[in-house]
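Close look at the chain arrangement
Given next are the chains, with one letter for each unit.
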Amino acid sequence: MGLRIYDTLQRAKVEFVPATPGHVGIYVCGPTVYADPHLGHARGPVVYDVLRRYLLHKGYKVRFVSNITDVGHLTDDADEGEDKIVRRAKLERLEPMEVAEKYMWSYFDAMQALNVLRPSIAPRASGHIPEMLELTERLLARGHAYERKGSVYFRVRSFPEYGKLSGKRLEELRAGARVEVREEKEDPLDFALWKAAEPGHIMRWKSPWGEGYPGWHIECTAMSLKYLGEGFDLHAGGIDLQFPHHECEIAQAEAAGFRFARHWMHHNHVLLEGEKMAKSTGNLVLLHDLLEAHEPMALRFYLLQTHYRSPMDFTWEGLESAKRGYARLLHAYREVRERKKTAPPGTTPGLERALDALEKAFMEAIEDDLSTPEALAALFAFLPELHKLLPEARGESLARAEAVFHTLGEGILGLFPERVLEERVSGPLLEGLIALLLELREEARRAKDYEKSDLIRERLRALGVIVEDTKEGPRWRLER
């Protein structure tokens, strides 16, 4: 059948056929790097990482571009407010680029822990000002933009197809627009391609219209066209970016005369207590806190349990359940690897049939709009038959089972990097044993037996378990 995805632009599942045979170009909107990433920032990278891994498995050469926004993203996500990075720089008393560098690496470290493949290219907005200026000048020359007081705005009414991605109509948008915003605009819906820098604004570049900085929307248009070319295969991002960010990207590119993305994918929000996880509201769980306290691959497993187009409501109970489910799959994979070492030669027909069924069900799920919940269900449906046949399984069949676990579980889902396959105590048992030792340590501290308390802590450290004392009590993490 081949891969089918839900194309937001066409509002239907469509067959995904790359424009150039054997090659796929993907652009995913990356983070604005002004704070540590939260769990919501992990969902998109994990989802599109599975898509990329599937395409690589199918033999495609994939150019995967995901940007870093380090300038131009204002606090109201439009043309008003303060640059988010500049605002954070003032709070931390750092240079804006120090803030961008600090939180960019914080994000990349978290992605590495989650086994997300690095982008082929991770362009930074601040490094592509010339491309943005060139695109802005092109839009001015074609009558789709105008300059006012050193700022340049896109003339939305000049592009009748504005709204085709989100389904919003210009008449409805104008009726609800804030007419008091930016007097120099011809129309309240017009958006900034280039902003004049106010006195004291730190991040500024020279332009034909005076010193300023780029609008947020033009950054992704310029960078995606530069590295993927016209008519590239897929543009993806969060559902909250569908309007206005992605809508504006399309308008800028096509008004300038360029063919833009052929397909669009959008993942839904991660919720906490029923509300969208967001830095701006403080309703979030920091990714680094989760990764220190829990196995990162169990967290990745949890993210893949919900279809990417559905909201995912994070709960601690759900995470604990995911950890148990992941431990079951990991144990089965380890057991196959171990039994293969001493199994007699030959094949086991029952296991071969079960593996055929697994591969068929798994690939059908992934190829049906990246249905990772169904792909995981196929793996779990395979386990009872595997456990029944393992005692008598022959070497060639076990070797195939190991290869299937690797291809599906790690190659496509990215759940089993080599480090987790090493035989060691893990999951609930590990957590229970450490919790018991920490209880004994706390009893020693209450009894003022600090020698015993310190001994437990040092022995744990020697085993790779780091204990930190906090106001809320002791916390532990595995040394990586």
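Analysis parameters
Residues numbered from 1 in each chain as written. Predicted model: local features only at pLDDT ≥ 70, side-chain atom pairs only at ≥ 80, totals over all residues. Heavy atoms only, no water. Helix = DSSP H or I, 4+ residues; strand = E, 2+ residues; numbered from the N terminus. Rg over C-alpha atoms; globule rule 2.2 N^0.38 Å. Buried < 20%, exposed > 50% of the residue type's maximum accessible area, 1.4 Å probe, protein only. Contact = heavy atoms within 4.5 Å. Areas by Shrake-Rupley, 256 points an atom, 1.4 Å probe, with all protein chains shown as cover. Lys, Arg positive; Asp, Glu negative; His and termini not counted. Charge placed at Lys NZ, Arg CZ, Asp CG, Glu CD. Pairing = 2+ DSSP bridges. Axes fitted to C-alpha atoms, helices over the stretch in contact; angles between N-to-C directions. Parallel < 35°, antiparallel > 145°, perpendicular 65-115°, else oblique. Nonpolar A, V, L, I, M, F, W, Y, C, P; charged D, E, K, R; others polar. Left-handed = near helix turned anticlockwise from the far one by under 90°. Phe/Tyr/Trp six-rings, centres within 6.5 Å; stacked < 30°, edge-to-face > 60°. Patch = residues over 30% accessible without salt bridge, like charges linked within 9 Å, V, L, I, M, F, W, Y side chains within 5 Å. Salt bridge = Lys/Arg side-chain N within 4 Å of Asp/Glu carboxyl O.

Remarks on the overall build of the protein
Counting secondary structure elements, the protein contains 16 helices and 15 strands. A compact globule built from 480 residues would reach a C-alpha radius of gyration of about 23 Å, and the protein, at 26 Å, matches this within 12%. Within the span of the protein, comprising 480 residues, buried residues form 52% of the whole. Nonlocal contacts in the protein, meaning residues at least 24 apart in sequence, comprise 75% of its contacts between residues at least 6 apart. Of the roughly 21800 Å² that the protein leaves accessible, carbon and sulfur atoms contribute 51%. In the protein, 67 positive and 76 negative side-chain charges are present, and the distance between their average locations comes to 1 Å.

A look at the environment of Arg262
Inspection of the secondary structure puts Arg262 in the loop between α7 (242-255) and β10 (263-267). Expressed as a C-alpha distance, the spacing of Arg262 and His235, which sit 27 residues apart in the sequence, is 7.9 Å. Sequence-distant contacts of Arg262, defined by excluding residues within four places in its chain, comprise Asp7, Val17, Pro18, Ala19, Gly231, Phe232 and Asp233.

Some points on the sheet that holds strand β6 (residues 151-154)
Strand order in the open sheet formed by 4 strands is β5-β6-β7-β8, and the pairing between neighbours is antiparallel. Each edge of the sheet is formed by a strand with only one pairing partner; in this case those strands are β5 (145-148) and β8 (212-214). Going from strand to strand, the sheet's axes swing by 20 degrees on average, the running direction of each strand aside. Examined bridge by bridge, β6 and strand β7 (residues 191-196) share 3 bridges and lie antiparallel to one another. The partner of Tyr153 across the bridge, within β7, is Ala192.

Structural notes on the packing of helix α1 (residues 40-57) against helix α9 (residues 296-304)
Close contact between α1 and α9 brings their axes to 10 Å; oriented N to C, the two are set at 85 degrees. It follows that α1 is roughly perpendicular to α9 by the angle criterion. Where α1 abuts α9, its residues Ala42, Arg43, Val46, Asp49, Val50 and Arg53 lie against Arg300, Leu303 and Leu304. Its residues assigned to classes, the contact of α1 with α9 shows 5 nonpolar, no polar and 4 charged.

A few points about the packing of α1 against helix α11 (residues 349-367)
Between α1 and α11, whose axes approach to 11 Å, the crossing angle comes to 125 degrees. What the angle tells us is that α1 and α11 run oblique. Once α1 is placed against α11, the crossing between them reads as left-handed. Facing Val50, Tyr54 and His57 of α1, the residues of α11 in contact are Met363, Ile366 and Glu367.

Considerations on the packing of aromatic side chains
Tallied over the full model, the rule gives 17 aromatic pairs. With 6.1 Å between their ring centres and 75 degrees between their planes, Phe301 and Phe380 make a pair best called edge-to-face. Taken as a pair, Phe301 in helix α9 and Phe380 in helix α12 (residues 372-389) lie far apart in primary sequence, 79 residues in all. Exposure remark for Phe301: the relative accessible area of 1% places this residue in the buried category.

Concerning the pairing of β6
Going residue by residue along β6, you find Ser151 and Tyr153 tucked away on one face and Val152 and Phe154 tucked away on the opposite face as well. As judged from the 4 bridges shared by β5 and β6, these two strands associate in the antiparallel manner. Residue pairing in the sheet places Ala145 in a bridge with Phe154 of β6. Between the end of β5 and the start of β6, which pair antiparallel, lie 2 residues, with Lys149 showing a positive phi angle near 55 degrees.

Some remarks on the sheet that holds strand β11 (residues 270-272)
Ordered in space as β12-β11-β13, the 3 strands form an open sheet in which the pairing is mixed. A single partner strand is all that each edge strand has here, and the edge strands are β12 (275-276) and β13 (312-314). Inspection of the sheet shows β11 paired to β12 by 2 bridges, in the antiparallel sense. Note that in β12 the partner of Leu271 across the bridge is Lys276.

What about a nonpolar patch on the surface?
Together, Leu436, Leu437 and Leu440 line one region of the surface with nonpolar side chains, adding up to about 240 Å² of accessible area. One can find Leu437 in helix α15 (residues 427-446). Of the residues examined, Leu437 reaches a relative accessible area of 34% and is grouped as partly exposed.

Let's talk about a negative patch on the surface
Taken together, the side chains of Asp449, Glu451, Asp454 and Glu458 define an acidic patch exposed on the protein surface. Along the polypeptide, Asp449 turns up in the loop between α15 and α16 (450-462).

With respect to unusual backbone geometry
The omega torsion of the bond from Phe243 to Pro244 falls at 5 degrees, within 30 degrees of zero and hence cis. A positive phi angle, near 65 degrees, is found at Asn115, a position not held by glycine. Residue placement: Asn115 occurs in the loop between α3 (96-113) and α4 (129-141). Residues other than glycine seldom take positive phi values, yet Leu370 does so here, at roughly 55 degrees. Counting through the fold element by element, Leu370 comes out in the loop between α11 and α12.

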